[in-house]
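# Examination of the molecular architecture
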Amino acid sequence: MSFSRDEIIETIRMVQAENLDIRTITLGISLRDCTGESVFEVSEKIYRKLTSTAGSLVPVAKELEAEFGIPIVNKRISVTPIAIVAESCREKDLTPIAEAMDNAARELGIDFIGGFSALVQKGFTRGDINLINSIPEALSATERVCASVNAASTRAGINMDAVLAMGHVIKKTAELTAARDGIGCAKLVVFANAVEDNPFMAGAFHGPGEAETTVNIGISGPGVVNTVIRRLGEGADFGELAEAVKRTAFKITRAGELIGREAARRLGASFGVIDLSLAPTPAVGDSIANILEAMGLERCGAPGTTAALMLLNDAVKKGGAMAASYVGGLSGAFIPVSEDAGMIRAASDGALTIEKLEAMTCVCSVGLDMIAIPGDTSAETIAGIIADEMAIGVVNKKTTAVRIIPAPGKKAGDFVEFGGLLGRAPVMPVNSFDSSIFVRRGGRIPPPVQSLTN
Amino acid sequence: MEILVTLDTIKNYDGSEILKLPPGSLVTKEARIFAASKGIKIYVGNELLKEPFPANSPPAKKAVISVIGEDRVGIIAGISEVLAKNNVNILDITQTSIEGLFTMIMVVDISGCTVSFEDLKKLLEDRGKSLSVRVDAQREEVFRFMHRI
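Structure report, in brief.

What chain A contains, in helices and strands, is 15 helices and 14 strands. Relative to a compact globule of 454 residues, whose C-alpha radius of gyration would be 22 Å, chain A shows 21 Å and is just as compact. Taken along its principal axes, the extent of the C-alpha atoms in chain A is 65 × 50 × 50 Å. Evaluated residue by residue, chain A yields a buried proportion of 61% over its 454 residues.

Take a look at the structure:
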């Protein structure tokens with residue numbers, strides 16, 4: 001036999017007991033040929049293009065799942081930032097486009113479609129403004145559409161007008177979806193250094209430099225890494241921990257590489273990237289926080305957490321980079337609070353605060369993710385939180401993001417429930433001192449000296 | 001004249017099985033693989049472009065079948081019967097039974113299989129249920145990718 005019995009058993013155990021899966025196959029589709037002068041014409045073109053291009057995505061994913069015996073959890077689509085596609089529409093409200101995307105996604109059996117997006121790190125065009133103004137309405141009127149706004153980059157600095165606007169957009173979106181704890185905000189990301197080939201929601205869009213159609217793969221497997229670390233025991237030193245994570249990451253990523261190549265071939269699309277991210281789910285054992293705890297922290301958030309996360313994130317990249325032919329996307333461990341059972345426990349026990357999470361984002365992707373905050377938090381305070389996170393991304397030349405939910409009517413200690421992959425989250429307290437004069441100054445924080453690399 | 005012919009160009013081409021391009025055209029590898037999978041032959045000038053390797057990765061030949069459950073009489077017989085009926089050849093088989101937990105792993109050749117892989121899987125699962133064991137079938141590539149560099 002070309003494989004040992006133990007190798008075969010190991011793979012089977014990873015899938016059946018440790019939640020190894022392909023987190024997402026995301027088909028990036030260019031919509032640059034869907035422009036028009038009326039928003040309805042554009043919507044119609046988008047609907048037609050999506051349904052005709054992505055018709056085989058779900059059937060192909062199911063086929064691969066059956067043949068290779070590795071579950072593919074999500075099938076998703078990312079599209080060209082809609083602000084670009086809808087630039088020449090005379091109408092200001094772009095909600096009909098979001099509805100067309102939503103309808104296409106429902107018809108195709110896809111759980112999320114990303115790309116209701118604008119790239120405004122340096123300034124706004126008419127399309128950008130119209131898109132940002134349409135976000136609250138679009139997210140409350142649709143189920144599956146995800147929006148993102150890139151408000152900063154290492155090269156451009158931080159567009160503080162956009163940051164303040166997004167504070168208000170987030171508040172408004174939460175109000176419009178108040179009946180469901182502000183779930184609209186769970187589909188809205190503010191980025192610094194957004195990447196063009198990210199397969200993960202809610203921040204996926206199909207960047208302007210991408211091919212006509214591209215398959216990007218997001219892998220997973222916190223449960224597998226967790227088991228490996230627990231098995232090493234308390235005696236293993238950091239070199240041994242890193243080595244074990246690297247080996248595991250290699251195997252997980254190879255599964256993604258195989259599925260990605262095969263998916264691209266069957267869909268007739270270019271193979272884009274493997275995103276080397278450990279992405280948790282609310283399922284028990286499928287948690288990043290539990291990995292950090294397995295390294296010897298009583299709770300995620302205890303002193304040492306940032307160092308543990310750095311080790312994990314780096315080892316995953318080292319193992320994964322060798323396993324994949326093209327690496328891209330966000331590529332780092334995710335720490336979404338509501339989607340990770342261990343994070344939820346740490347936050348409700350008071351071990352994990354927003355400030356600690358902010359520190360953790362310095363060493364991993366992607367940012368302050370799926371954090372519920374009190375409903376009475378002001379738009380200016382939210383803008384301040386966003387600005388801080390953008391600063392971390394801009395200075396460290398990395399992607400950072402904010403996906404935060406000011407849960408209407410909730411206060412610190414309450415719980416919000418989103419259900420499904422989005423999970424549930426304890427409402428975390430926010431520093432109550434005021435930053436409104438600062439965030440209202442407007443203009444752009446200049447790019448740091450790190451941007452002068454030429 | 002098209003200088004560069006990409007995957008998208010071929011996708012939008014709905015002519016016959018022969019695509020003639022002017023001499024000097026550059027055709028990306030991705031485009032050539034896609035054309036080969038659709039059975040389109042590409043001529044640049046008068047020269048036929050060679051199919052890139054692997055043009056069509058050969059259809060799955062081997063699969064790994066694993067059986068886990070409580071040991072009892074007739075598990076191997078039951079599973080092999082399903083395989084034999086569908087013209088699947090067993091290449092290798094290993095089994096252990098430790099403290100009543102039975103594990104069996106088979107490597108099989110499915111190139112001559114008379115039903116689709118999905119159907120075979122379902123038949124095996126059903127048989128597994130009647131034997132109260134868990135049966136899984138996966139294409140061999142998964143193990144090759146995960147455990148070999």
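So, on to the overall build of chain B. Each helix and strand counted, chain B has 5 helices and 9 strands in total. Listed by position from the N terminus, the elements making up chain B come as β-α-β-β-α-β-β-β-α-β-β-α-β-α. Computed over its C-alpha atoms, the radius of gyration of chain B comes to 23 Å, more than 25% above the 15 Å expected for a compact globule of 149 residues. Summarising its shape, the C-alpha atoms of chain B cover approximately 70 × 30 × 20 Å along the three principal directions. A total of 149 residues make up chain B; the buried ones form 28% of that total. Across chain B, contacts joining residues at least 24 apart in sequence account for 51% of those joining residues at least 6 apart.

Further remarks concern the environment of B:M106. Residues and elements named next belong to chain B. Topologically, M106 is positioned in strand β8 (residues 101–109). Taking the C-alpha atoms as reference points, M106 and A137, separated by 31 residues in sequence, lie 9.3 Å from one another. With near-sequence residues (within four places) excluded, M106 lies in contact with I65, I90, D92 and I93.

Contact with chain A, which involves 20 residues of that partner, is made by 23 residues of chain B. Contributing elements (two or more residues each) for the side of chain A that touches chain B: α1 (5–16), α3 (57–68) and α9 (238–267) of chain A. For the side of chain A that touches chain B, the class distribution of residues is 9 nonpolar, 4 polar and 7 charged.

A few words now on the sheet that holds strand β4 (residues 41–44) of chain B. Residues and elements named next belong to chain B. Strand order in the open sheet formed by 3 strands is β2-β4-β5, with mixed pairing between adjacent strands. What marks the edges here is a single partner per strand, and that holds for β2 (18–21) and β5 (47–48). Where β2 and β4 come together, 4 bridges link them in parallel fashion. Residue L21 lies in a different strand from β4, and its bridge partner there is V44.

Turning our eyes to something else, we now look at the packing of helix α7 (residues 160–176) of chain A against helix α14 (residues 379–395) of chain A. Packed helices, taken two at a time, are described by their axes: the angle between them and the distance between them. All names here are of chain A. Their axes nearest at 8 Å, the elements α7 and α14 cross at an angle of 130°. The angle between the axes of α7 and α14 places the two elements in the oblique class. Between α7 and α14 lies a crossing of right-handed hand. Facing α7, whose interface residues are M160, V163, L164, M166, G167, H168, I170 and K171, α14 presents A379, E380, I382, A383, I386, A387 and M390. Looking at the contact of α7 with α14, its residues break down into 11 nonpolar, 2 polar and 2 charged.

All names here are of chain A. Burial analysis of strand β7 (residues 213–219) places 7 of its 7 residues in the buried class, the great majority of the element. Of the two faces of β7, the one carrying T213, V215, I217 and I219 and the one carrying T214, N216 and G218 are both buried. With 7 bridges joining them, strand β1 (residues 22–29) and β7 adopt antiparallel strand pairing. Paired with T24 across the strands is G218, a residue of β7. Summarising the sheet, β7 and strand β8 (residues 270–275) pair through 4 bridges and their orientation is parallel. By the bridge assignment, G218 is partnered in β8 with D275.

This next bit is on helix α5 (residues 95–108) of chain A. Residue and element names in this part refer to chain A. Between its first and last C-alpha, α5 extends 20 Å over 14 residues, near the 20 Å set by a 1.5 Å rise per residue. Along α5, the positions that sit buried rather than exposed are T95, P96, I97, A98, A100, M101, A104, A105 and L108. Of the residues trailing α5, G109 is marked for its positive phi of about 75°.

With that settled, consider the sheet that holds strand β6 (residues 62–70) of chain B. With respect to topology, 4 strands assemble into an open sheet ordered β7-β8-β6-β9 (chain B), the strand pairing being antiparallel. Each having just a single partner strand, β7 (89–98) and β9 (133–139) of chain B make up the two edges of the open sheet. Within the sheet, the average angular offset between the axes of one strand and its neighbour, ignoring direction, is 15°. Here β7(B) pairs with β8(B) via 9 bridges, running antiparallel. By the bridge assignment for β8(B), B:I98 is matched with B:L101. Across the sheet, α1(A) is in contact with β6, β7, β8 and β9 of chain B; its angle to β6(B) comes to roughly 75°. Packing of helix α4 (residues 117–130) of chain B onto the sheet brings it into contact with β6 and β9 of chain B, and relative to β9(B) it is tilted by some 165°.

Residue and element names in this part refer to chain A. Between M201 and A202 the backbone carries a cis peptide bond, its omega angle lying at 10°. As for its placement among the helices and strands, A202 is situated in the loop between β6 (188–192) and β7. At K397, a position not held by glycine, the phi torsion is positive, near 50°. Assignment of secondary structure puts K397 in the loop between α14 and β11 (400–407).

Our focus in this paragraph is the environment of B:V27. All names here are of chain B. Here V27 lies in strand β3 (residues 26–27). Taking the number of C-beta atoms within 10 Å as the measure of exposure, V27 has 21 and is therefore buried. It is 57 Å that separates the C-alpha atoms of V27 and G74, two residues lying 47 residues apart in sequence. Excluding anything up to four places from it in sequence, V27 contacts V5, R32, I42, V44 and L49.

Criteria and cut-off values
Residues numbered from 1 in each chain as written. Chains lettered and ligands numbered in written order. Predicted model: local features only at pLDDT ≥ 70, side-chain atom pairs only at ≥ 80, totals over all residues. Helix = DSSP H or I, 4+ residues; strand = E, 2+ residues; numbered from the N terminus. Rg over C-alpha atoms; globule rule 2.2 N^0.38 Å. Buried ≥ 20, exposed ≤ 12 C-beta atoms within 10 Å, placed from the backbone. Contact = placed C-beta atoms within 7 Å. Nonpolar A, V, L, I, M, F, W, Y, C, P; charged D, E, K, R; others polar. Pairing = 2+ DSSP bridges. Axes fitted to C-alpha atoms, helices over the stretch in contact; angles between N-to-C directions. Parallel < 35°, antiparallel > 145°, perpendicular 65-115°, else oblique. Left-handed = near helix turned anticlockwise from the far one by under 90°. Expected span 1.5 Å × (residues − 1).

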